[in-house]
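A closer look at the structure
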Amino acid sequence: MSGKAVKGEFVCVVCPNGCFIEAEYEDGKSPGGEAKLLSLTGNRCQRGEAWVSQELSAPMRTIATSVPVRGGDFLLASVRTKTPIPLAKVRDVMGEIRKLSLDAPLHIGQTILRNPSGTETEIIVTREVQSA
Ligand code: SF4
């Protein structure tokens, strides 16, 4: 083992079970080292292990928020990232979303922004908004 073994606590967000996971991993601060998962407990399935490994190497997040709508039967349309984005990009992507203002009608799954802040995702609508 090259890095120092440390313990961490995680809540898996992959499914609604929200398993509380305790993990032991190399801290990744060793020269050339990346945080390496050594053991974990509390996950009810293997996806939890994959999720913790991802958290240790390159954490990703999904953004869900809303955007103002002009001329619709709702004032806001809920939107989200189509796929998770790097945690480090969340603030920048939120900044781009906040600049948006949409025109009704809007349909679920409709893309309103591509590659925000250089990410490889799209921002999509998650609520139907009809023209008023
Ligand atoms: S470990 Fe498995 S069961 Fe638990 S929250 Fe993650 S995906 Fe769901």
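Residues numbered from 1 in each chain as written. Predicted model: local features only at pLDDT ≥ 70, side-chain atom pairs only at ≥ 80, totals over all residues.

Before going further, it helps to examine the pairing of strand β1 (residues 5-11). A regular strand carries its side chains on alternate faces of the sheet. Of all seven residues in β1, zero are buried; the element is thus mostly exposed. One ladder, built from seven bridges, connects β1 with strand β2 (residues 20-26); its direction is antiparallel. Bridging across to β2, Glu 9 finds its partner in Glu 22. (Buried ≥ 20, exposed ≤ 12 C-beta atoms within 10 Å, placed from the backbone. Helix = DSSP H or I, 4+ residues; strand = E, 2+ residues; numbered from the N terminus. Pairing = 2+ DSSP bridges.)

This paragraph deals with the nonpolar core. Grouped together as the largest cluster of nonpolar side chains are 11 residues: Val 67, Val 69, Ala 77, Val 79, Ile 85, Val 93, Ile 97, Leu 106, Ile 123, Val 125 and Val 129. Elements represented by at least two residues in this core include exactly β5 (64-70), β6 (76-81), α2 (90-98) and β10 (122-125). Aside from chain neighbours lying at most four places away, what touches Val 129 is Val 69, Gly 72, Asp 73, Phe 74, Ala 77, Ala 104, Pro 105 and Leu 106. Among the nonpolar cores identified, the runner-up in size contains eight residues, and Ile 21, Tyr 25, Ala 35 and Trp 51 belong to it. (Core = buried A, V, L, I, M, F, W, Y, C linked by C-beta atoms within 7 Å. Contact = placed C-beta atoms within 7 Å.)

Turning next to the environment of Lys 89. Tracing the chain through its elements places Lys 89 in the loop between β7 (85-86) and α2. By C-beta crowding, Lys 89 is classed as partly exposed, having 18 other C-beta atoms within 10 Å.

Residues in contact with the ligand, as listed here, are Cys 12, Val 14, Cys 15, Asn 17, Gly 18, Cys 19, Asn 43, Arg 44, Cys 45, Arg 47, Gly 48 and Trp 51. Taken together, the residues that form the shell around the ligand break down as six nonpolar, four polar and two charged. (Near = placed C-beta within 6 Å. Nonpolar A, V, L, I, M, F, W, Y, C, P; charged D, E, K, R; others polar.)

All right, on to helix α1 (residues 46-57) then. The end-to-end C-alpha separation of α1 is 17 Å, in line with the 16 Å expected for 12 residues at 1.5 Å each. Among the residues of α1, Gly 48, Trp 51, Val 52 and Glu 55 are the ones counted as buried. An end-on view of α1 places all buried positions within 100° of arc, on one side of the element. In α1, those exposed residues whose orientation departs by more than 90 degrees from the buried face are Gln 46 and Ser 57. (Expected span 1.5 Å × (residues − 1). Arc of directions from axis to C-beta.)

With that settled, the discussion passes to the domain arrangement of the chain. When the domains of the chain are assigned, the result is domain 1 (5-57) and domain 2 (64-125). Each of domain 1 and domain 2 was reduced to a C-alpha centroid, and the two centroids are 30 Å apart. (Domains from an automatic or database assignment.)

With that settled, the discussion passes to the environment of Asp 27. The topology assignment puts Asp 27 in the loop between β2 and β3 (36-41). Counting along the chain gives 23 residues from Asp 27 to Lys 4, while the straight-line C-alpha distance between them is 5.6 Å.

Take the sheet that holds β2 next. Taken in spatial order, the three strands of this open sheet run β1-β2-β3, and their pairing is antiparallel. Whereas interior strands pair on both sides, the edge strands pair on one side only; in this sheet they are β1 and β3. Across the sheet, the axes of successive neighbouring strands diverge by a mean angle of 30°, strand direction being ignored. Examined bridge by bridge, β2 and β3 share five bridges and lie antiparallel to one another. Bridging across to β3, Glu 24 finds its partner in Ser 39. (Axes fitted to C-alpha atoms, helices over the stretch in contact; angles between N-to-C directions.)

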